[in-house]
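# Close look at the chain arrangement
Given next are the chains, with one letter for each unit.
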Amino acid sequence: MREDYTYVVLADDDEDDRLFFIEAFEELKIQTKVEVYKDGIELMCALNQPEAVLPNILFLDLNMPKKSGLECLIEIKENNRFKDIAIAIYSTSASEEDIENTFVQGANIYIKKPSAFNDLKKILSDVVTINWQYHTNGLNKDNFLLRL
Amino acid sequence: MKIFIKFDFTQFCSRILDEKLDELNIKYRMLNFGEIEFLEIVSPEKLKAFDLILKQYGIEKIENQKVILVQKIKDSLIDMVFNADDTNNVKSSVYLSEKLGHSYGYLANLFSEVTYTSIENFVILQRIEYAKSLITNTDFSLTEIAFKLQYSSVAHLSTQFKNTTGITPTTFQRIIAKRRSLKNTKE
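Residues numbered from 1 in each chain as written. Chains lettered and ligands numbered in written order. Predicted model: local features only at pLDDT ≥ 70, side-chain atom pairs only at ≥ 80, totals over all residues.

The name recorded for chain B in an unreviewed UniProt entry is Helix-turn-helix transcriptional regulator, from Gelidibacter salicanalis.

An unreviewed UniProt entry annotates chain A as Response regulator originating from Gelidibacter salicanalis.

Below, the structure written as structure tokens:
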């Protein structure tokens, strides 16, 4: 039974950010499977497939063309099928307003994109570890708020 | 009259597993014989139900001894955090090694290996989670919560809360309250 890996998905329109993201996960101690999409429409299409395997953690860039991260977040939170996915906002913005608003809309994690690759690795490792704690210890996901 | 039958154990067991997993609505994939991959997060309640059903057929989930011991460590620590009043401030290291009959060093290493986190971090996370549930579900003030969880001061609780979650207890409280009112307006 392979239950010991974390499945993560990222939607981000910036190609470099997507590459850094994949690379950072490759170097982590925890086993992960990573999938990336280049915008909100592509992401929602994939998630809405009836047979889709849902990620444990979904990282959303806030500013994306066509469909923004916030729109995806609201859509996901309205659908009960997605209730077990932990949502991480992954954004260049650090405005208190964005942060609080996305938390109120149901995001679990808010990450300000770091500029250094090593910081990114540390942050993603923290996110996966803490999410793993919530998952394996049956903690209340409604109270899962994390800002990094 | 006598008849003779022949079994195909592999087919028999696979069939039972298929049926029971479908009954419980668990998405899965059969790997090699005796190995099942769950394709979604399965709640502990469902897993328990699955275990119970399988027991009736003499099928048992194989558990790793290490995993069992780690679960015992977790249970003990959670017990310690939630019943902080009766344990009289015993240090977690002393408490664990006495209760489980292994040295603390051994337990700590095993714990990190299996859970990717340390015993200390686990205790902090549990305490903060307990504080969160008290903040959202009771009228206790932060001072009362700090006292209940045996923090030396509110400042200590707030600092650890902020270090663990990135937000202050007050912000946390505000976000949860806003979430609730947003939910109410939607319904």
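Moving on from the model shown.
Helix and strand content of chain A: 5 helices and 6 strands. Secondary structure elements in chain A, listed N-terminal to C-terminal, are β-α-β-α-β-α-β-α-β-α-β. Over its C-alpha atoms chain A spans a radius of gyration of 14 Å, differing by no more than 12% from the 15 Å that the globule rule assigns to 148 residues. Along the first, second and third principal axes, the C-alpha set of chain A runs to 40 × 35 × 30 Å. Taking contacts inside chain A between residues at least 6 apart in sequence as the whole, the part at least 24 apart equals 68%. (Helix = DSSP H or I, 4+ residues; strand = E, 2+ residues; numbered from the N terminus. Rg over C-alpha atoms; globule rule 2.2 N^0.38 Å. Contact = placed C-beta atoms within 7 Å.)

This part covers the domain arrangement of chain B. Residue and element names in this part refer to chain B. Taken as a whole, chain B is organised into domain 1 (9-55), domain 2 (63-116) and domain 3 (125-187). Its C-alpha centre places domain 2 at a distance of 25 Å from the equivalent point of domain 3. Class assignment for the residues of the side of domain 2 that touches domain 3 results in 5 nonpolar, 1 polar and no charged. (Domains from an automatic or database assignment. Nonpolar A, V, L, I, M, F, W, Y, C, P; charged D, E, K, R; others polar.)

Turning our attention to the nonpolar core. Core analysis: the biggest nonpolar cluster contains 38 residues, and A:L58, A:F59, A:L60, A:I87, A:A88, A:I89 and A:I109 have the highest contact counts within it. Every residue in contact with A:L60, bar those within four places of it in the chain, is listed here: A:A11, A:G69, A:C72, A:L73, A:I87, A:I89 and A:Y90. Residues B:L96, B:F122, B:A146 and B:F172 belong to the second largest nonpolar core, which totals 18 residues. (Core = buried A, V, L, I, M, F, W, Y, C linked by C-beta atoms within 7 Å. Buried ≥ 20, exposed ≤ 12 C-beta atoms within 10 Å, placed from the backbone.)

Right, let's get into the environment of A:E100. All names here are of chain A. Within the fold, E100 resides in helix α4 (residues 96-104). Judged by C-beta crowding, with 17 C-beta atoms within 10 Å, E100 ranks as partly exposed. Between the C-alpha atom of E100 and that of Y110, which follows or precedes it by 10 residues, the distance is 9.2 Å.

Turning our attention to helix α3 (residues 69-78) of chain A. All names here are of chain A. What α3 keeps buried is the set G69, L70, C72, L73 and I76. The buried residues of α3 occupy one face: seen down the axis, they fall within an arc of 155°. Summarising the contacts, the buried residues of α3 are in contact with β1 (6-11), α2 (40-47), β3 (57-60), β4 (86-91) and α4. (Arc of directions from axis to C-beta.)

Before going further, it helps to spend a moment on the packing of helix α6 (residues 119-137) of chain B against helix α8 (residues 154-165) of chain B. Helix-helix packing: each pair is described by the crossing angle between the helix axes and the interaxial distance. Residue and element names in this part refer to chain B. The contact between α6 and α8 brings their axes to 10 Å, and the two run at 110°. The angle between α6 and α8 places the two elements in the roughly perpendicular class. Every residue of α8 that contacts α6 at I124, L125, I128 and A131 is listed here: L157, Q160, F161, T164 and T165. Residue classes in the contact of α6 with α8 are distributed as 6 nonpolar, 3 polar and no charged. (Axes fitted to C-alpha atoms, helices over the stretch in contact; angles between N-to-C directions. Parallel < 35°, antiparallel > 145°, perpendicular 65-115°, else oblique.)

Our next topic: α4(A). Those residues of α4(A) lying buried are A:I99, A:T102 and A:F103. Each buried residue of α4(A) lies within a common arc of 105° when the element is viewed along its axis, so the set occupies one face. Where α4(A) is buried, its residues touch α3, β4, β5 (109-112) and β6 (146-147) of chain A together with α9 (169-186) of chain B. Once α4(A) ends, the next one or two residues include A:G106, with phi positive near 115°.

What follows deals with the pairing of strand β2 (residues 32-37) of chain A. Residues and elements named next belong to chain A. For β1 and β2, the ladder comprises 6 bridges, and the chain directions are parallel. Bridge pairing in β2 links V8 to V34. As for the winding sense of the linkage, the β-α-β connection from β1 through helix α1 (residues 15-26) to β2 is right-handed. (Pairing = 2+ DSSP bridges. Right-handed = clockwise from strand over helix to strand, strands pointing away.)

Residue and element names in this part refer to chain A. By the alternation rule, side chains of β3 split into I57 and F59 and L58 and L60, which are all buried. In the sheet, β1 pairs with β3 via 4 bridges, with the strands oriented parallel. Its bridge partner lying in β3, V9 is registered against L58. The pairing of β3 with β4 spans 4 bridges and is classified as parallel. In the strand pairing of β4, L58 is matched with I87.

This brings us to the UniProt feature "domain: HTH araC/xylS-type" (unreviewed entry) in chain B. According to UniProt, the "domain: HTH araC/xylS-type" (unreviewed entry) feature falls on residues 96-175 of chain B. Helix makes up 78% of residues 96-175 of chain B and strand 0%, whereas the separation of the span's terminal C-alpha atoms amounts to 36 Å. (UniProt positions renumbered as here; feature names shortened; annotations may be inferred.)

This part takes up the interface of chain A and chain B. The interface is formed by 25 residues belonging to chain A together with 24 residues belonging to chain B. Counting only elements with at least two residues in the side of chain A that touches chain B, the list comes to α4, α5 (117-136) and β6 of chain A. Looking at the side of chain A that touches chain B element by element, the count peaks at 4 residues for α5(A). Residues that form the side of chain A that touches chain B fall into these classes: 11 nonpolar, 8 polar and 6 charged.

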